[in-house]
Amino acid sequence: MQRPLIVITGPTASGKTRRAVDLARAIDAEIISADSRQIYRGMDIGTGKDIEEYGEVPVHLIDICPAGYKYNLYEFLRDFGRASEEIESRGRRVILCGGTGLYVESVLKGLRLPEVPENPELRRSLEGRSLEELTEILASMKALHNVTDVDTAKRAIRAIEIQTYYSEHLDAAKQAEPHPLTDAVVIGVGIDRESRRRRITERLHARLEAGMVDEVRRLLDSGIPADDLIYYGLEYKFLTLYLTGKMTYEEMSGGLEIAIHQFAKRQMTWFRGMENRGFPINWLPFDLPAEEFTARALELIGD
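Below, the structure is looked at part by part. Since the structure is predicted, the reported quantities are computational estimates derived from the model, not experimental observations. (Residues numbered from 1 in each chain as written. Predicted model: local features only at pLDDT ≥ 70, side-chain atom pairs only at ≥ 80, totals over all residues. Heavy atoms only, no water.)

Looking now at the side chain of His60. By secondary structure assignment, the location of His60 is in strand 4 (residues 59-60). Of the polar contacts made by the side chain of His60, one reaches the side chain of Glu30; its length is 2.7 Å. Among residues more than four places away in sequence, those in contact with His60 are Glu30, Ile31, Ile32, Ser33, Ala83, Glu86, Ile87 and Arg90. (Helix = DSSP H or I, 4+ residues; strand = E, 2+ residues; numbered from the N terminus. Polar contact = N/O pair within 3.5 Å; in protein donor to acceptor, adjacent residues only side chain to side chain. Contact = heavy atoms within 4.5 Å.)

And the structure:
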């Protein structure tokens, strides 16, 4: 990084994007998205892309993959590195904005993951094992900070494959070691629990009225398998279950609202963990007037 990285993060419905855009305008910056689902084309309402909110501010790593694809951390770190170099080559600042804690923390750790090829023999030996067995194998190889490694058997097998590769290729393992960014400025958009819950509920109803059901129906009609949409979780999981007759509309909307509240709680747990792991977050209230939020952010980054 030529200049310190600026991060704007926080839980869902806290208003991160608007804050990042305001700050980008103030310091002539471009934004790189750290949202694990906004990378997919056609998944707009459910992921809350709100492209119009960026205005003239350039944003990167949005709409870069087709819906149905399974983007991963290696690809994100690779694409983040390319985007940040391109932005800095134009003399502009970089703002990383998003609520996917794994992406944010991995950038702050300075991770650069080498590409790990498939190991067919290892995969065959693990085939048929339960998720619990696979989790135990992976836990014997590394500390499990990231639960997304073990949310499905397929992902757990891939994680084991990666750790096995590292154990056999010490140069790759060394490349994957963290090199934390010591001068990054992380700004969190803080929001109290009740305000967060209210905003999540209001936003969900607004998105349903804006055509979120039709968005998921179009994705299914385009040939994307239901299981691939369910994989993305939250809106795409519940709406797919509704559209395939597995849930009533009331079960879908009620269950989805609960799931988003639970997701926001998990995000806050991750952020607290980040702070405990040595990545301080400067929390600013979500309801500060725009000018004051930007002014306080400028003080934090020293501009």
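Let's shift gears to helix 3 (residues 101-108). The buried count for helix 3 comes to 8 of 8 residues, which makes it a mostly enclosed element. As for helix 3, its buried residues are in contact with strand 1 (6-9), helix 2 (73-89), strand 6 (93-97), strand 7 (185-190) and helix 12 (249-276). Just downstream of helix 3, Gly110 is the residue with a positive phi angle, here 75 degrees. (Buried < 20%, exposed > 50% of the residue type's maximum accessible area, 1.4 Å probe, protein only.)

A few words on the nonpolar core. Ranked by internal contacts, the top residues of the largest apolar core, which has 53 residues, are Leu5, Ile32, Phe76, Leu96, Leu108, Leu256 and Met274. It is helix 12 that provides the largest number of residues to this core, a total of 9 residues. The residues contacting Leu108, other than those within four sequence positions of it, are Leu5, Val7, Pro180, Leu181, Ala184, Val186, Met274 and Phe279. (Core = buried A, V, L, I, M, F, W, Y, C linked by side-chain atoms within 4.5 Å.)

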